[in-house]
Amino acid sequence: MKKISLILMMLIFNCCSSQSKKIMEKRTIEVILNSVGKTNIDKKLTSKLTGINESNLTTSLYYYENSKKIIGLPINDETFNYKYFNSKIYNNLENKRVKLFLAVYKHKSKEILIIYKIE
């Protein structure tokens, strides 16, 4: 009986911990791109909080917020549409207006935004 209850507790714990890594919300924003480059986030921590493999958090897109401040958002390399990005956007990247599709993960009171698609 103890083994059964222990197994049930482990299953419940695993289900709850994996739910915290699920996408809580999806969001779309329109921005003016500035550049693309290496990500400046803590990959290990972001991977732990989102469930995205560290090796898929290598690149960020940088854009202007309110025409002044530059913001960088990491890309999920596994889901990002690089074929479209490379053919339609990359060669004319600077000051290009694009639509970013974001996966929003919540941890405590903070939001972690990850780009999963671009148009």
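Residues numbered from 1 in each chain as written. Predicted model: local features only at pLDDT ≥ 70, side-chain atom pairs only at ≥ 80, totals over all residues. Heavy atoms only, no water.

A. Quick look at the pattern of salt bridges. This model, assessed by the stated rule, comprises five salt bridges. In this structure, R27 and E111 form a salt bridge, with 3.0 Å as the shortest nitrogen-oxygen distance. Pair noted here: R27 is in strand 1 (residues 25–38) and E111 is in strand 5 (residues 110–118), with a separation of 84 residues, a long-range link. Among the residues examined, R27 registers a relative accessible area of 25% and is labelled partly exposed. The exposure class of E111 is partly exposed, given its relative accessible area of 39%. Within the structure, one salt-bridge network assembled from shared partners comprises E25, R27, K106 and E111. (Salt bridge = Lys/Arg side-chain N within 4 Å of Asp/Glu carboxyl O. Helix = DSSP H or I, 4+ residues; strand = E, 2+ residues; numbered from the N terminus. Buried < 20%, exposed > 50% of the residue type's maximum accessible area, 1.4 Å probe, protein only.)

B. Seen up close, the nonpolar core. Counting 16 residues, the largest nonpolar core has L33, L61, L100, I115 and I118 as its most contacted members. Secondary-structure elements contributing two or more residues to this core are strand 1, strand 2 (59–65), strand 3 (69–74), helix 3 (82–89), strand 4 (97–107) and strand 5. Element by element, the count of residues in this core is highest for strand 4, at three residues. Each residue touching I115, except ones within four places of it in the same chain, is listed here: L61, L73, P74, I75, N76, F80, L100, F101 and L102. (Core = buried A, V, L, I, M, F, W, Y, C linked by side-chain atoms within 4.5 Å. Contact = heavy atoms within 4.5 Å.)

C. The environment of K99, seen in detail. Position of K99 among the secondary structure elements: in strand 4. According to the relative accessible area criterion, K99 is partly exposed, its value standing at 30%. Apart from residues lying up to four places away in sequence, K99 is in contact with T28, I29, E30, K117, I118 and E119.

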